[in-house]
Amino acid sequence: MRTPVPGGLAFFLGSALAAVTTSLLVAVGVRSEPVLSVLAMVAVVNLVAVTSKAWAAPATATVCWCLHSGFVLGRLGELTFTARSGHDALVIAGCALGAVLLVSTLRAASAPLHEREHDENVPVIPEQRAPRALTPAG
């Protein structure tokens, strides 16, 4: 099983990727269609969730929403707190949570058995005693 990217590095790379993506989207003129920006931010968050530790995805989702709210919905980085930005925040956060849960489940299921043998959280079937043969008293 491959080792995930450390959380701090993944958060930094995810934030940088979100900033570049937002810059490109604003340059293209996506302000009239902010749904495209939300989809791009969800893709960035999902990429971070797949390649890193669990806490990096929600942190990156926060940065993604701030960039989306400040530069796509707002102007010059000023955050907007409207119904649209609240809806977009819920979408990005929901996708981050879903990605973290899915990736965590897949990583746990794909762990080799020898790695799960000594885990205290994995239930263990107690050793069964073999029944003694009945012998006549004598």
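What you see is a predicted model, and the numbers here were worked out from it, not measured in a lab.

Asks: Explain unusual backbone geometry to me, please; I cannot follow it from the model alone.
Replies: Backbone geometry follows two general trends: most residues other than glycine have a negative phi, and most peptide bonds adopt the trans configuration. One non-glycine residue, Leu76, adopts positive backbone phi at about 60°. Tracing the backbone shows Leu76 in the loop between α3 (56–73) and α4 (83–110). Taking relative accessible area as the criterion, Leu76 reaches 83% and is therefore assigned exposed.

Asks: Hey, could you run me through the packing of helix α2 (residues 34–51) against α4 in this one?
Replies: Two numbers describe a pair of packed helices, the interaxial angle and the distance between the axes. Taken N-terminus to C-terminus, the directions of α2 and α4 make an angle of 25°; their axes are 9 Å apart at the nearest point. Here α4 runs roughly parallel to α2, going by the angle between their axes. Seen from above, α2 lies across α4 with right-handed handedness. Here Pro34, Val35, Val38, Met41, Val42, Val45, Asn46, Ala49, Val50 and Thr51 of α2 come into contact with α4, specifically with Arg84, Asp88, Val91, Ile92, Cys95, Ala96, Ala99, Val100, Val103 and Arg107. The class makeup of the residues in the contact of α2 with α4 is 15 nonpolar, two polar and three charged.

Asks: Just checking my understanding: could you explain the pattern of salt bridges for this structure?
Replies: Between side chains of opposite charge, a pair can form when the charged atoms approach closely. This model, assessed by the stated rule, comprises one salt bridge. A salt bridge links Arg84 to Asp88; the nearest nitrogen and oxygen atoms lie 3.5 Å apart. Here Arg84 pairs with Asp88, and both are found in helix α4, just four residues apart, close to one helical turn. When its relative accessible area of 2% is taken as the criterion, Asp88 is described as buried.

Asks: What is the right way to look at α3 in this model?
Replies: Given 3.6 residues per turn, any residue in an α-helix points the same way as the ones three and four places further on. End to end, α3 covers 24 Å across 18 residues, agreeing with the expected 26 Å (1.5 Å per residue, within 8%). If you check which residues of α3 are buried, you get Ala56, Ala57, Thr60, Ala61, Cys64, Trp65, Leu67, His68, Ser69, Gly70 and Val72.

Asks: For this particular structure, what's the right way to read the packing of α2 against α3?
Replies: Where α2 contacts α3, the axes come no closer than 9 Å and their chain directions differ by 160°. When the interaxial angle is binned, α2 and α3 end up roughly antiparallel. Handedness of the crossing formed by α2 with α3: right-handed. Counting all contacts with α2, which are made through Pro34, Ser37, Val38, Met41, Val44, Val45, Val48 and Ala49, the residues of α3 involved are Ala56, Ala57, Thr60, Ala61, Cys64, His68, Val72 and Leu73. Its residues assigned to classes, the contact of α2 with α3 shows 13 nonpolar, three polar and no charged.

Calculation rules
Residues numbered from 1 in each chain as written. Predicted model: local features only at pLDDT ≥ 70, side-chain atom pairs only at ≥ 80, totals over all residues. Heavy atoms only, no water. Helix = DSSP H or I, 4+ residues; strand = E, 2+ residues; numbered from the N terminus. Buried < 20%, exposed > 50% of the residue type's maximum accessible area, 1.4 Å probe, protein only. Axes fitted to C-alpha atoms, helices over the stretch in contact; angles between N-to-C directions. Parallel < 35°, antiparallel > 145°, perpendicular 65-115°, else oblique. Left-handed = near helix turned anticlockwise from the far one by under 90°. Contact = heavy atoms within 4.5 Å. Nonpolar A, V, L, I, M, F, W, Y, C, P; charged D, E, K, R; others polar. Salt bridge = Lys/Arg side-chain N within 4 Å of Asp/Glu carboxyl O. Expected span 1.5 Å × (residues − 1).

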